[in-house]
Amino acid sequence: MPAALTVRGLRVRYGPVEALHGVDMAFPDGAVTALLGRNGAGRSTLLRTIAGLLPAAAGHLDWRGRDITGWTASERARAGLALIPDGHGVFGGLPVRDNLRVFAGTGPIDPALDAFPVLRQRLGQRAGTLSGGEQQMLAGARAILRPSRLLLLDELSQGLAPRVVAQLYEVVTALAAEHRTVVLVEQYAGEALRRADVAYVLRRGRVAFAGEPAELLAAGHPSVFD
Amino acid sequence: MSPRHVVPAATETPPGPDVLTAHGLVRHFGGLRAVDGVDLTVPPRQVTAVIGPNGAGKSTLFHCLAGAQRPDEGRIRFRGRDITRLPDHRRARLGIARTFQVVSVFPSLTVADNLRVGAENRAGASAAARLLGLPDAAGGRTRQAVERALELAELTDVADVPAGRLPTGTLRLVELGRALAADPSVLLLDEPASGLDDAETARMRALLRRLAGEGLAVLLVEHDMELVFGVADTVYVMAAGRVVASGTPDAVRDDPAARAAYLDPLAGDGEPAPGPGGS
Amino acid sequence: MLTIDLALAGLGVGAIAALAAVGLITSYRATGVFNLGFGALAMLIAYLLWQQVRVWSWPVVPAALFDVFVVAPVFGLLLDRFVFRGLQRRGAGPAEMLAASLGVLVMLLGIAILTWGTESRLDPPTLFPAGTVELWDGATVSESALAELGVVVGIALVVAVVTRYTRFGADLRAVVDRRELAELTGVAADRVSAVGWAFGSMLAGLTGILLAPHLRLDPFGLTLLVLETIGVAVAARLASLPVAILVAVAIGVGQSELTRVQLEGRAQNMLQALQSNLFVVVLLLALLLLPRMVEVGERGTYTRIPAGNGARLPALWWLPYPVLLAAPLVLSTEHLQSAQQVPALAIVFVSLVIVTGFAGQVSLGQAGYAGLGALIAASLMSGKFFGFGAVPGLLALLLGALLVIPVGLVTGWPAIRRRGLALALSTFAVAAVVSRFVFAQPIFTTGLRLDHPWPFEGEHAFYILELICLGLTLLLVRRLHAGRLGRMLIAMRDSEGGAAASGIDVPGLKVFVFAVSAGVAALGGALLGMSGRSFDAQTFDPIQGLIWFAAVVVFGVDSAAGAVLAAALIVGLDSGTQPGVSVIVVGAGAILLSRMPGGALATARRVLMPALAPPEPAADTARSTARLTPAGRAVRARVHADREARPGALR
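Notes on the structure in this doc start here. None of the values given here were measured: they were computed from a predicted structure.

### A closer look at the overall build of chain B
The number of helices and strands found in chain B is twelve helices and ten strands. Counting contacts in chain B only where the partners sit at least 6 residues apart, residues at least 24 apart contribute 70% of the total. Taken as a whole, chain B presents about 10,200 Å² of accessible surface, with 52% of it coming from carbon and sulfur.

See below:
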């Protein structure tokens, strides 16, 4: 499996303090990678740096052979990197239909409506007035609509009923089968691990584990999380 | 830390009257009946959980109970008193504390002051003292309540840190601590485990068990089934604004209606389930 | 009842108002900023066209096209890049946004005054012939009114088509709604937002060029005209262009028809006031009666302002204030008379700190309360207050402050259900209505005597009285900021839901704060009037109130010390330099707000004493640090260090 995105020696600083102390990772093409760690371990920082919302203090990001370290967030998004941020990644003031239109870019919005039929009845409603779970579904719709090559999903399952989570995971796994690269960042280690081909555990800004999900599941490895 | 009495209010009065009940609650949004005739009892010394698919009306029900929204029909009673039309802050002063789905702490205040706001505005202080900001007779009690709540929520280490500097996981606890500092008899929790990692969720579970054990009536709306089935005494399953099943966790787990509406990830796969589609 | 002639005559005014309101709404929705400087930009472009055509003898049509399609958009790009982009990235609240747009208004006014002076030009170039068109039976309507209505309808159609049917429309609204998410979705937010600004400014230029011929061209006319038409924009709930056009035309026609109605005596005076101030009345009614405005952006919903409080300051930091305040006592009488304005104005400013800084409620109406305080005190001293005899000065001062408190209670009522922009505009509308229907009415303001009260008649004695009042006010501020009440206010400012869940009566607390703040403002206003020994309506003009608001925000909206400094600076500049300089300084400060989070004082404190820098109040430290200043990065770092240092909290 060739790597779609390679992270080399990535350091991210908030001023003089480092949040990531030299992280090396590779996200293989057409596979699901699980990125785990306790709250505050640096998972979101890593995702946001990859998406271009935070600058790297040192290190490189290679995206299919190109160094994208200096690119802006929207340049990366147009090159096929998509971050679905945690906590209702929707445009609250816009109707659901326009949310989907912005997400879809030039494409049609129907695939999202087929995946989440509830949204079809809400097309004219402002996204901010949807229930928490519906907003999360709408945010997840972006993963389906954007022809992104790399999907970064931050806490996808937050606030969602188990069935919707299962549905979203189905969609995500299907995407990976179409040679997309998927990175799952999750608090429920179990579900993400079961879906993943590769797993990383971050601990205090460093990679504490890199390998097969089965190793983590089998051994439990509680120590790598602390 | 040794278990102390956290809830004198609950132990001073007989447990029976402290119960929070809802009868025939209805709440519309336009043509949509988000809550459609719900009966619910939140008894003391128990954890009551409400689960259901997204859009089933759980949050609306929660808001009606907490006083942030008014039901269009139905009654809400607390200690035998009709509180249906009571605004949210008055319910809080009666001893019905709540937390929020999106954490609503006071970021500019320290953790201890967050809790103190909760403790100070509980009934007891006179309105004049409240407005003038004078220390009232309850001052000592406030300090005690804050300390106890800090301890319970395990926030003593961060008591003097402004809440705005803490990560989300801790903020959930700050919010819970603020609710506890008000010395409530009913605790309403809106997705308390959302944003918590596995270890934090486990601690939340232990804390909720302990609070119920000390006499509180706890209601939680939650998607984390592990937490719900690990902690609840009674589970209500909602779909399309109605309660489709209720009972002990074991009974609900085997209930066909509950499975169809929510629990079984394979039921209705690929097509909208009867519940969420219409809600 | 209605006559066609008057209706058609009113159409002219209606078309003007429609043009301004459509421009204001469109620019608001395209940029996410309710730009109070919209009218000033229109004025500047109108002046430019005048310069080109009348002085440089350019042909009028090419010059107008050049101004509308090149110059105005470039101005918009500059505003976006240097004033608002930083604020929007920072997620600044409506208070800062309003202050910054006020800064734009004031700066453009200053530029116009410096370049063209304040005299009126009577020959602004026109694009449309000045003739009239006969419709039927001798009913005529001016050609320009028809042309303007045509332009307005055309703009509305273009905007509707772009927002409904183009991808750019959706992208633009996405950027205004949530910029960061739009970037993550692949929308080039900076470029889209720049186009929004260019378009909004283009409309401002067009408005200016079309409207100038109907008014004398002077720096204030157009600038203020657009403020008047805010009512039309609000009646359209800041969203619907067709409604805006209809409302504007209806007001124009209504105003015209009202001239026919004749009443007796005082009622006629009030009717005339109503007729000439119909736009302001509509603003107030629309805000009070209509459902919520359709606000845009994340900022639409909350009013938090980056607060500079936090670390305790060394005693030395406070030392300059008493010295500064006591210094005028050794001045000559003439200078002391100017200096007397400082404590009075400082008290008015502190009232803003209370309501906006501590409680998070944006109030643009403090000038109204201050003016009422002065007016009531003057009426009482002159024995003209509803049949009371003449009241001693000190008692008049006290009663002036106390009697305005109920006014604050009533006007605080809208705050219960309103936030952000809607609240800000409501308070402005109250001040405007009070100014037009009370301060500007001779029956209330003639024959008033306002003087230094016994036993503080001397200049020094009066200054000491003012210092005592300021001291008492600052003690009140301390009471409001510390202890239980302070915690309640901060709780309400930080999270109304959380406050209510903690048992705080949020509506009651809001009204309480408005009432206290109104009383304090009235005290300051009464002292201000006494220091000048007269009631001057001009001092309490609502526009003046806007400038006061900007000044307080520039110096740090939650800082009483900043309020005192701001008062000293404004009075000092007004008496030491040309009139208008203080306004330009405040405007410059407001424009620089994006580079001074928390205001000038907090920024100075951070630069001078980095060790005391207060923590960033925002909970989301993961927000982009890419565009932070070095100071900002240092703050972030400290925040993060705390997180790292305290993982034990969760173990």
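### Let's talk about the sheet that holds strand 2 (residues 32-42) of chain B
All names here are of chain B. Pairing is antiparallel in the open sheet, where four strands are placed in the order 2-1-4-5. Whereas interior strands pair on both sides, the edge strands pair on one side only; in this sheet they are strand 2 and strand 5 (81-82). Relative to strand 2, strand 1 (residues 20-29) runs antiparallel, the two being bridged by eight bridges. Paired with T21 across the bridge in strand 2 is T41. Contacts from helix 2 (residues 58-66) reach strand 1, strand 2 and strand 4 (73-78), with the element oriented near 120° to strand 1.

### A short note on the packing of helix 5 (residues 143-165) of chain C against helix 6 (residues 167-177) of chain C
Residue and element names in this part refer to chain C. Running from amino to carboxyl end, helix 5 crosses helix 6 at an angle of 85°, the nearest separation of the two axes being 5 Å. Judged by the angle between their axes, helix 5 and helix 6 are roughly perpendicular. Facing helix 5, whose interface residues are V162, T163 and Y165, helix 6 presents R167, F168, G169 and R173. Split into classes, the residues belonging to the contact of helix 5 with helix 6 amount to three nonpolar, two polar and two charged.

### Some words on the pairing of strand 7 (residues 186-190) of chain B
All names here are of chain B. Burial analysis of strand 7 places five of its five residues in the buried class, the great majority of the element. In strand 7, alternate side chains face the same way, and those of V186, L188 and D190 on one face and L187 and L189 on the other are all buried. In terms of strand pairing, strand 6 (residues 96-98) meets strand 7 through three bridges, oriented parallel. Residue A97 lies in a different strand from strand 7, and its bridge partner there is L187. Examined bridge by bridge, strand 7 and strand 8 (residues 217-221) share five bridges and lie parallel to one another. Opposite L187, over in strand 8, you have V218 as the bridge partner. This β-α-β element, strand 7 to helix 8 (residues 198-213) to strand 8, shows right-handed connectivity.

### Here we look at helix 18 (residues 366-381) of chain C
Residue and element names in this part refer to chain C. For helix 18, with 16 residues, the first-to-last C-alpha span of 23 Å sits near the 22 Å given by 1.5 Å per residue. Summarising burial for helix 18: 16 of the 16 residues are buried, a large majority. Positive phi appears at G383, one or two residues downstream of helix 18, with a value of about 70°.

### Some details on the pattern of salt bridges
Summed over all chains, the structure comprises 30 salt bridges over all chains. A salt bridge links E214 of chain B to R210 of chain B; the shortest N-O distance between them is 3.3 Å. When salt bridges that share partners are traced, they join D80, R85, R179 and D190 of chain C into one network.

### Side note on the packing of aromatic side chains
Tallied over the entire structure, the rule returns eleven aromatic pairs over all chains. Where F27 of chain A meets Y200 of chain A, the ring centres are 6.2 Å apart and the plane angle is 85°; that geometry is what we call edge-to-face. Within this pair, whereas F27 of chain A is found in strand 2 (residues 17-28), its partner Y200 of chain A is found in strand 9 (residues 198-203), the two being separated by 173 residues in sequence. Exposure remark for Y200 of chain A: the relative accessible area of 8% places this residue in the buried category. Clustering of aromatic rings is evident, with ring pairs tying together W56, W58 and F66 of chain C. Above the face of the W63 of chain A ring, R64 of chain A is positioned so that its terminal group lies 5.0 Å from the ring centre. Lying over the aromatic face of F82 of chain C, R81 of chain C brings its terminal NZ or CZ to 5.5 Å of the ring centre.

### So, the pairing of strand 9 of chain A
Residues and elements named next belong to chain A. When you tally the buried positions in strand 9, you get five out of six residues, the bulk of the element. In this sheet, strand 9 lies alongside strand 3 (residues 32-36) in parallel orientation, the contact comprising four bridges. Within strand 9, the residue paired with A34 across the bridge is A199. Summarising the sheet, strand 9 and strand 10 (residues 206-211) pair through five bridges and their orientation is antiparallel. Bridging across to strand 10, A199 finds its partner in G211. Between the end of strand 9 and the start of strand 10, which pair antiparallel, lie two residues, with R204 showing a positive phi angle near 50°.

### Topic: the nonpolar core
Judged by nonpolar contacts, the single largest core of 200 residues is most densely connected at F34, F84, I230, F349, W548 and F549 of chain C. For this core, the element with the most residues is helix 25 (residues 506-532) of chain C, which contributes 14 residues. Two domains each donate at least three residues to this core, and these are domain 1 (2-289) and domain 2 (334-540) of chain C. F84 of chain C has contacts with V33, L79, M97, A100, S101, V104 and W197 of chain C, leaving out every residue within four places of it along the chain. One finds L119 and I144 of chain A together with V47 and L187 of chain B within the second-largest nonpolar core, a separate group that totals 114 residues.

### A look at the environment of M270 of chain C
All names here are of chain C. Its location among the elements puts M270 in helix 12 (residues 265-276). With relative accessibility at 33%, the residue M270 sits in the partly exposed group. Taking the C-alpha atoms as reference, M270 lies 7.7 Å from F437; in sequence the two are 167 residues apart.

### Overview of a nonpolar patch on the surface
Residues and elements named next belong to chain C. Among the surface-exposed residues, V55, W56, W58, V61, L65, F66, F69, V70, V74, L78, F82 and L127 lie close enough to one another that they form a single nonpolar patch of about 1,100 Å² accessible area. The biggest single contributor to the nonpolar patch is helix 3 (residues 60-90), with eight residues. Here L65 shows up in helix 3.

### Observations regarding helix 3 of chain C
Residues and elements named next belong to chain C. Over its 31 residues, helix 3 runs 42 Å from end to end, which matches the ideal 45 Å to within 8%, given 1.5 Å per residue. For helix 3, the principal kink sits at F84 and spans about 55°. At the C-terminal side of helix 3, G91 shows a positive phi close to 70°.

### Remarks on the side chain of S144 of chain C
Residue and element names in this part refer to chain C. Assignment of secondary structure puts S144 in helix 5. Overall, the relative accessible area of 13% leaves S144 in the buried class. In contact with S144, not counting residues within four places along its chain, are F128, P129 and H214.

### A few points about unusual backbone geometry
Note that the residue after W454 of chain C, namely P455 of chain C, is joined by a cis bond; omega there is 0°. With respect to the helices, strands and loops of the structure, P455 of chain C is situated in the loop between helix 21 (442-445) and helix 22 (459-481). Its identity is not glycine, yet E191 of chain B carries a phi of approximately 50°, on the positive side. Locating E191 of chain B in the fold gives a position in the loop between strand 7 and helix 8. Taking relative accessible area as the criterion, E191 of chain B reaches 5% and is therefore assigned buried. Even without glycine at this site, R237 of chain C takes up a positive phi of about 55°. Structurally, the position occupied by R237 of chain C is in the loop between helix 10 (230-235) and helix 11 (241-258). With relative accessibility at 32%, the residue R237 of chain C sits in the partly exposed group.

Reading guide: rules and limits
- Residue positions within a chain follow its written sequence, with the count starting from 1.
- Lettering for chains starts from A, numbering for ligands starts from 1, and both go in the order in which the items are written.
- Side-chain atom pairs in this predicted model are given and counted only at pLDDT of 80 or more, local residue features only at pLDDT of at least 70, and totals for whole chains, interfaces and linings cover all residues.
- Only heavy atoms go into the side-chain values, all of them from the structure, while hydrogens and water stay out.
- To qualify as a helix, a DSSP run of H or I must reach at least 4 residues; to qualify as a strand, a run of E must reach at least 2; elements of each kind are numbered from the N terminus.
- Contact between two residues is taken to exist if any of their heavy atoms lie within 4.5 Å; hydrogens are not considered.
- In this description, accessible areas are obtained by the Shrake-Rupley approach with a 1.4 Å probe, and a residue is regarded as covered only by the protein chains that are shown.
- Here, a strand pair is defined by DSSP locating no fewer than two bridges between the strands.
- Between N-to-C directions, angles cover 0 to 180 degrees, with each direction set by a line fitted to C-alpha atoms, over the stretch in contact for helices.
- Here is the rule for angles: anything less than 35 degrees is roughly parallel, anything more than 145 is roughly antiparallel, 65 through 115 is roughly perpendicular, and the remaining ranges are oblique.
- We call Asp, Glu, Lys and Arg charged. Ala, Val, Leu, Ile, Met, Phe, Trp, Tyr, Cys and Pro are nonpolar, and the rest, Gly among them, are polar.
- The cut-offs for exposure are 20% and 50% of the maximum accessible area for each residue type, with area from a 1.4 Å probe on protein chains only; residues under the lower value are buried, those over the upper are exposed, and the others partly exposed.
- With its strands directed away from the observer, a crossover is right-handed exactly when the path from the first strand over the helix to the second travels clockwise.
- Take the number of residues in a helix, subtract one, and multiply by 1.5 Å to get its expected span.
- The rule for a salt bridge is simple: a side-chain nitrogen of Lys or Arg has to be within 4 Å of a carboxyl oxygen of Asp or Glu.
- When the centres of two rings from Phe, Tyr and Trp lie within 6.5 Å, Trp using its six-membered ring, the rings pair. Their planes under 30 degrees apart give stacked, over 60 give edge-to-face, and anything left gives tilted.
- Here, over-ring charges are defined by two tests on the NZ atom of lysine or the CZ atom of arginine: distance to the ring centre within 6 Å, and angle to the ring normal within 35 degrees.
- Buried Ala, Val, Leu, Ile, Met, Phe, Trp, Tyr and Cys residues that are joined via side-chain atoms within 4.5 Å together make up what is termed a nonpolar core.
- Boundary definitions for the domains trace back to an automatic or database domain assignment.
- Surface patches are defined over residues having more than 30% relative accessible area and no salt bridge, joining like charges when they lie within 9 Å and nonpolar side chains (Val, Leu, Ile, Met, Phe, Trp, Tyr) when within 5 Å.
- Bend, in this description, refers to the angle at a residue between axes fitted to the seven residues ending there and the seven starting there.

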